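# Remarks on the overall topology
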Amino acid sequence: MNSQQIKPEYHPFLSRPHHTIIVLSFPILLSLIAEPVTGLIDTGFVPQLGKTSLSALGVSTGVLSSVFWIFGFLGIGTQTEVSQTYGKGQISAAIKSVSLAITLGVIVSLFLILVLIPGASTISGLLGAEDAVLEQATHYIQIRLIGAPAVIITIVGFGALRGIQDMKTPLWIALIINITNVLLDYPFIFGWQFIPAMGVGGAALASVISQWIGAGWMIWKINQKLGFTRDFNLSDGINLIKIGRDLFIRTGLLTLFMLIETRVATQIGEEAGAAHQIIRQVWFFTALVLEAFATTAQSLIGYFYGAQHLDYAKQVATTTILWSIGTGIVLMLGMFATTQFVTNTFVPDDTVTVFLSAWIIASLSQPLNAIAFITDGIHWGTSDYSFLRNAMICATVIGVIGLLLIPVNHPEAF
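Below you will find a few notes about this structure. The residue numbering used here restarts from 1 in each chain and proceeds along that chain's sequence as written. Residue-level local features of this predicted model are given only where pLDDT is at least 70; pairs of side-chain atoms are given and counted only at 80 or more, and the full residue set underlies all totals for whole chains, interfaces and linings. As a convention, hydrogens and water are excluded, and side-chain values are obtained from all of the structure's heavy atoms.

### Thoughts on the environment of isoleucine 243
To qualify as a helix, a DSSP run of H or I must reach at least 4 residues; to qualify as a strand, a run of E must reach at least 2; elements of each kind are numbered from the N terminus. Inspection of the secondary structure puts isoleucine 243 in helix H10 (residues 238–268). Note on isoleucine 243: relative accessible area 6%, which makes it buried. For the pair formed by isoleucine 243 and glutamine 84, sequence separation is 159 residues and the distance between their alpha carbons is 15 Å. With near-sequence residues (within four places) excluded, isoleucine 243 lies in contact with Phe73, Gly77 and Tyr385. Think of it in three bands: with a 1.4 Å probe and only protein chains considered, a residue is buried below 20% of the maximum accessible area for its type, exposed above 50%, and partly exposed in between. What makes two residues a contact is simply this: any of their non-hydrogen atoms within 4.5 Å.

As structure tokens, this is what we get:
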């Protein structure tokens, strides 16, 4: 699909709703999976350098992932704005939104570089890094920050292209970024031919180069499909800043809840902490599947909402909710079916009893989890960020109270 306007009444969703949902969601799912899979491959190289390097990688990627996650609002806001203006037929407004978001992204990333490069050592130290771990983590962060503008440009670009319902281009760009990263990892980490061995710093440099290749391709594709303009004012970015405020609060509360959740599990005992870590990783991958439907819902609802066809937007909401809940049920059944495999493969013997009870609850929660994700996408599509913020505040308060009421020292706390 290109940036030329399609009249809402002729949109393929109306004639083939289920086919359209799958065609749009599948490339999103593949692009979402690409990064964590590459991260696993990335992590597979570094342990060969020793536990110090692996520990340093854990600290530094934790810092950078949190930072870039916070600025994900630029992609979400851009996707909604572009999808709504696209639905209105206001392509010039969509071009302005993308140009403004990328400009703000570059400004933000330059600020991050100025602050975090000299502060990398301090931040790593706050996360518990010391001595050689601190040195390597600092080195990794400082190199990776050179790619900060590229990362944020790509985040914005993904939102822009998905806003015009082009889901395939972000997939190809994500694949190129991650494949390039994997190909560069070995020679940069361990050395090859004229390339010196750079250890953890080499892993960082491989990421930076691949990110800039992806950002360059992203700029080219956006220029091809939409274009850029200088006809905007930075003051127009106040709307994106408001979106950032709401999503920052929402993301921050979610992160806080997960940290408290991890802390409580660890306090209960090593068995509970281990079980929690395994279930959390599985939950992360199931979340990617559900997020694909949410992103599709955001684009389509934004499009029809912008075109003022609320009846069509409601059809999108109904259809994506059904697909998401159905997928949640499949995930639940899949988790039940693989219980024995997961237990035998990943769970230590002394953790099995604690793990199984938590695994059952996590499995049963998948349909509810699906509803949470898809309603996020629906509200993103209608720009209702304040509702999502307030809902997260309520959910976090209730959840944290529940966690704090757990008697962690009780022998049957799990």
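Picking up after the structure, the text goes on.
### Quick look at the pattern of salt bridges
Think of a salt bridge as a Lys or Arg side-chain nitrogen and an Asp or Glu carboxyl oxygen that are within 4 Å of each other. Inspection of every chain in the model, using the stated rule, returns 5 salt bridges. The partner of lysine 96 in a salt bridge is aspartate 231, and the shortest N-O contact between them spans 3.4 Å. With lysine 96 in helix H5 (residues 91–126) and aspartate 231 in the loop between helix H9 (200–225) and H10, this pair connects stretches of sequence that are 135 residues apart. Relative accessible area serves as the criterion here: at 35%, lysine 96 is assigned to the partly exposed category. Arginine 389 is the partner of aspartate 246 in a salt bridge, and the nearest nitrogen-oxygen pair spans 2.7 Å. Residue aspartate 246 is found in helix H10, and its partner arginine 389 is found in helix H16 (residues 385–404); the two are separated by 143 residues along the sequence. The two residues aspartate 246 and arginine 389 agree in class, both being buried.

### Some words on H10
Any helix carries an expected span of 1.5 Å times its number of residues minus one. Taking 1.5 Å per residue as the helical rise, H10 with its 31 residues ought to reach 45 Å, and the 45 Å between its terminal C-alpha atoms agrees with that figure. Listed as buried for H10 are Leu240, Ile243, Gly244, Asp246, Leu247, Arg250, Thr251, Leu253, Met258, Ile260, Val264 and Ala265. Where H10 ends, the next residue or the one after it, glycine 269, has phi of about 155°, a positive value.

### Side note on a nonpolar patch on the surface
A surface patch of nonpolar side chains, about 610 Å² in accessible area, is lined by Ile70, Phe248, Ile249, Ile393, Val397, Ile401 and Leu405. Residue assignment for the nonpolar patch shows that the elements contributing at least two residues are H10 and H16. Here the nonpolar patch takes 3 residues from H16, the largest share from any one element. Examined against the element boundaries, isoleucine 401 turns out to sit in helix H16. In this analysis, a patch consists of residues with relative accessible area above 30% that form no salt bridge, clustered at 9 Å for like charges and at 5 Å for the nonpolar side chains Val, Leu, Ile, Met, Phe, Trp and Tyr. Per-residue accessibility takes into account occlusion by the displayed protein chains alone, with areas from the Shrake-Rupley method and a 1.4 Å probe.

### Considerations on the nonpolar core
Working definition of a nonpolar core: buried Ala, Val, Leu, Ile, Met, Phe, Trp, Tyr and Cys residues. They are joined through side-chain atoms within 4.5 Å. Counting 77 residues, the largest nonpolar core has Val98, Tyr140, Ile222, Leu247, Ile301 and Phe304 as the members making the most contacts within it. Broken down by element, the residue count for this core peaks at 11 residues, all from H5. For valine 98, the contacting residues outside a window of four places in its chain are Thr78, Val82, Val156, Ala160, Ile222, Leu226 and Phe228. Counting 11 residues, the second largest nonpolar core, distinct from the first, contains Val347, Val354, Trp359 and Ala362.

### Regarding the packing of helix H6 (residues 131–144) against H9
Every angle, taken between N-to-C directions, lies between 0 and 180 degrees, and every axis is a line fitted to C-alpha atoms, over only the stretch in contact when it is a helix. Contact pair H6 / H9: the axes reach a minimum separation of 8 Å and the direction vectors enclose 15°. Viewed along their axes, H6 and H9 adopt a mutual orientation that is roughly parallel. The two elements H6 and H9 cross, and the hand of that crossing is right-handed. For the pair H6 and H9, the contacting residues are Gln136, His139, Tyr140, Ile143 and Arg144 in the first and Val200, Gly201, Ala203, Ala204, Leu205, Ser207, Val208 and Gln211 in the second. Counted by class, the contact of H6 with H9 contains 7 nonpolar, 5 polar and 1 charged residues. Orientation labels follow simple angle bins: below 35 degrees gives roughly parallel, above 145 gives roughly antiparallel, 65 to 115 gives roughly perpendicular, and whatever is left gives oblique. Handedness of a helix crossing follows the sense of rotation of the near helix relative to the far helix, less than a right angle counterclockwise being left-handed and clockwise being right-handed. Gly is put with the polar residues, along with every residue not named as nonpolar or charged; the nonpolar set is Ala, Val, Leu, Ile, Met, Phe, Trp, Tyr, Cys and Pro, and the charged set is Asp, Glu, Lys and Arg.

### Overview of the packing of aromatic side chains
Aromatic rings from Phe, Tyr and Trp, with only the six-membered ring used for Trp, were paired whenever their centres fell within 6.5 Å, and each pair was classed as stacked if the ring planes differed by under 30 degrees, edge-to-face if by over 60, and tilted otherwise. Evaluated as defined, the whole model comprises 8 aromatic pairs. For the pair tryptophan 283 and phenylalanine 373, a centre-to-centre distance of 6.3 Å together with 45° between the ring planes defines the contact as tilted. Note that tryptophan 283 is positioned in helix H11 (residues 270–306) and phenylalanine 373 in helix H15 (residues 366–381), a separation of 90 residues in sequence. Taking relative accessible area as the criterion, tryptophan 283 reaches 31% and is therefore assigned partly exposed. For the pair tyrosine 303 and phenylalanine 304, a centre-to-centre distance of 5.0 Å together with 70° between the ring planes defines the contact as edge-to-face. The pair formed by tyrosine 303 and phenylalanine 304 is uniform in burial state, with each residue classed as buried.

So, to be careful, I would describe these as geometric facts and stop short of saying anything about function.
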